Amino acid sequence: MSDVSIRIENVTGHITLTRPKALNALSRAMSEEIDAAIIAWADDPSVEMVLIDAEGERAFCAGGDIREIYEAGKQGDFSVGRDFWRQEYLMNSRIAHYPKPWVAIMHGYVMGGGVGLSGHGSHRVVTDSSRISMPECNIGLIPDVGGTHLLARARGRLGEFLGLTGFRMGASQAIFSGFADHYVPEDRLDALKAKLIETADPEVITEFQATPPEPDFGMPLDAIDDAFSAPDIATLIARLEVSDVGHTTVKTIRAQSPLSMACTLELVRRARREPGLNAALIRELRCTWHCISEGDLLEGIRAAVVDRDRKPVWLDKPTGVHRDRVTAMLEPLGADDLDLPVDPAPQPA
């Protein structure tokens, strides 16, 4: 039985994730079904817009289904994860460059793979229950599915802060950080979806949207900029420890995979220097490729999902990740590199 409902309603291609008991976690099969549909719809004149949403009250999509990746990886088979990521990242690029409007209703938890399905769309709707994050450093991975591209575009050093801490953004923080576009109160969502299907016109979102509250990241923005502009994790921790407002954040940082955080810091900054989603996805595949075989991913999944003891034994100490380790994690993969064209340079305004 499929965990995703794909149909055409009026002239709208409607995709609904239907795995609410698993918080709509994205499996390889679900990803392939979605990808096949959007490839077919791209040139189909009977589809004028794509709408993606999910069943259940708790989550749009709380990430990728990582247990299968863990079980295969523990047997020395890293291809399950690597093949899934390759297919998923190609789909993420397709969404970002889609020739038709892509409207995502991002209710509840939106993490990891859920950000990949929504964050690159043309019209991204958040609501009262939205909790959006890239928490991959907690399981020994990095913010992938184009996450480093989104993080790099956030103002100041918010990208580093969000990527290293996995901070859960509500509607206002997500819009402020560039992960979403519109806030629509929960009690207006059903009417919004009906109107979208009726008209296939994403501009109707403005009829239902409201103004969200001022964003609060738990630290003043200038304090985030000061701490998260640090050149490395050791310096970052030192800055947080002497900050009047960084004590809670430093506890979070100390709990994450040191290697994943060091790689995330580099990936976000490379994405800032060398912008473009496709370039970010290529770098992310290189890193995730190594995370499963030479990094902390399997141990992170064990501690968070399998044994659930929340006591991972990381390969490195927070203050001791050597620069060469990060460089090796981002080395090109040769024939295994992601085959994506370089994004065109942005045109001057």
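For the structure itself, look to the data block above.
Residues numbered from 1 in each chain as written. Predicted model: local features only at pLDDT ≥ 70, side-chain atom pairs only at ≥ 80, totals over all residues. Heavy atoms only, no water.

S.K.: What am I meant to see in the overall build of the chain here?
M.R.: What the chain contains, in helices and strands, is 15 helices and nine strands. Here the chain has a C-alpha radius of gyration of 19 Å; the compact-globule value for 349 residues is 20 Å, and the two agree. In terms of principal-axis extent, the alpha carbons of the chain reach across some 55 × 45 × 45 Å. For the chain, with 349 residues in total, the buried portion stands at 55%. Taking contacts inside the chain between residues at least 6 apart in sequence as the whole, the part at least 24 apart equals 74%. For the chain, the exposed surface amounts to about 14700 Å²; the carbon and sulfur share of it is 50%. Of the charged side chains in the chain, 36 are positive and 52 negative; the average position of the first set lies 5 Å away from that of the second. (Helix = DSSP H or I, 4+ residues; strand = E, 2+ residues; numbered from the N terminus. Rg over C-alpha atoms; globule rule 2.2 N^0.38 Å. Buried < 20%, exposed > 50% of the residue type's maximum accessible area, 1.4 Å probe, protein only. Contact = heavy atoms within 4.5 Å. Areas by Shrake-Rupley, 256 points an atom, 1.4 Å probe, with all protein chains shown as cover. Lys, Arg positive; Asp, Glu negative; His and termini not counted. Charge placed at Lys NZ, Arg CZ, Asp CG, Glu CD.)

S.K.: Explain the sheet that holds strand E4 (residues 59-61) here, please?
M.R.: Strand order across the open sheet formed by three strands is E4-E6-E8, with parallel pairing between neighbours. Here the strands that pair on one side only, and so sit at the sheet edges, are E4 and strand E8 (131-133). The mean inter-strand angle of the sheet, taken between neighbouring strand axes irrespective of direction, is 15 degrees. In the sheet, E4 pairs with strand E6 (residues 109-111) via two bridges, with the strands oriented parallel. Paired with Ala59 across the two strands is Tyr109, which belongs to E6. (Pairing = 2+ DSSP bridges. Axes fitted to C-alpha atoms, helices over the stretch in contact; angles between N-to-C directions.)

S.K.: Could you clarify how one ought to interpret helix H2 (residues 67-74) in this entry?
M.R.: Structural remark: α-helix, 3.6 residues per turn; residues separated by three or four positions point the same way. Taken residue by residue, H2 has Ile69, Tyr70, Ala72 and Gly73 as its buried positions. Summarising the contacts, the buried residues of H2 are in contact with helix H3 (79-96), helix H13 (277-294) and helix H14 (297-306).

S.K.: Just checking my understanding: could you explain the packing of aromatic side chains for this structure?
M.R.: Two aromatic rings are characterised by how far apart their centres lie and by the angle between their planes. Under the counting rule described, the total for this entry stands at six aromatic pairs. With a centroid separation of 6.5 Å and an interplanar angle of 85 degrees, the aromatic rings of Phe161 and Phe217 are classed as edge-to-face. Separated by 56 residues along the polypeptide, Phe161 in helix H6 (residues 158-165) and Phe217 in the loop between helix H8 (189-199) and helix H9 (221-228) bring together distant segments of the chain. Across the pair, Phe217 and Phe161 agree in class, each one buried. Both rings, one in Phe176 and one in Phe217, keep their centres 6.0 Å apart while their planes meet at 50 degrees; by these two values the pair is tilted. With Phe176 in helix H7 (residues 171-177) and Phe217 in the loop between H8 and H9, this residue pair connects regions lying 41 residues apart in the sequence. Ring pairing ties together the aromatic residues Phe161, Phe167, Phe176, Phe217 and Phe228, which thus form one cluster. (Phe/Tyr/Trp six-rings, centres within 6.5 Å; stacked < 30°, edge-to-face > 60°.)

S.K.: Help me understand the packing of H6 against helix H11 (residues 247-255) in this model?
M.R.: For any two helices packed against each other, the geometry comes down to the angle between their axes and how far apart the axes lie. Between H6 and H11, the shortest axis-to-axis distance is 9 Å and the interhelical angle comes to 55 degrees. Between H6 and H11, the angle falls in the class oblique. Counting all contacts with H6, which are made through Phe161, Leu164 and Thr165, the residues of H11 involved are Thr249, Thr252 and Ile253. Tallied by class, the residues present in the contact of H6 with H11 amount to three nonpolar, three polar and no charged. (Parallel < 35°, antiparallel > 145°, perpendicular 65-115°, else oblique. Nonpolar A, V, L, I, M, F, W, Y, C, P; charged D, E, K, R; others polar.)

S.K.: When you look at the state of the cysteines in this model, what are you seeing that I'm missing?
M.R.: Here, disulfide denotes a covalent bond that connects the sulfur atoms of two cysteines. Per the stated rule, a full pass over the model turns up zero disulfides. Cys263 supplies the cysteine sulfur nearest to Cys137, a cysteine that is in no disulfide, at a spacing of 8.7 Å. There is no disulfide at Cys291, and the cysteine sulfur nearest it, in Cys287, is 4.1 Å away. By relative accessible area, which is 2% here, Cys291 ends up buried. (Disulfide = S-S within 2.5 Å.)

S.K.: Explain the packing of H9 against helix H10 (residues 233-242) to me, please; I cannot follow it from the model alone.
M.R.: The interhelical angle for the contact between H9 and H10, taken along N-to-C directions, is 145 degrees, at an axis separation of 8 Å. Counting all contacts with H9, which are made through Asp226, Ala227 and Phe228, the residues of H10 involved are Leu236, Arg239 and Leu240. Grouping the constituent residues of the contact of H9 with H10 by class yields four nonpolar, no polar and two charged.

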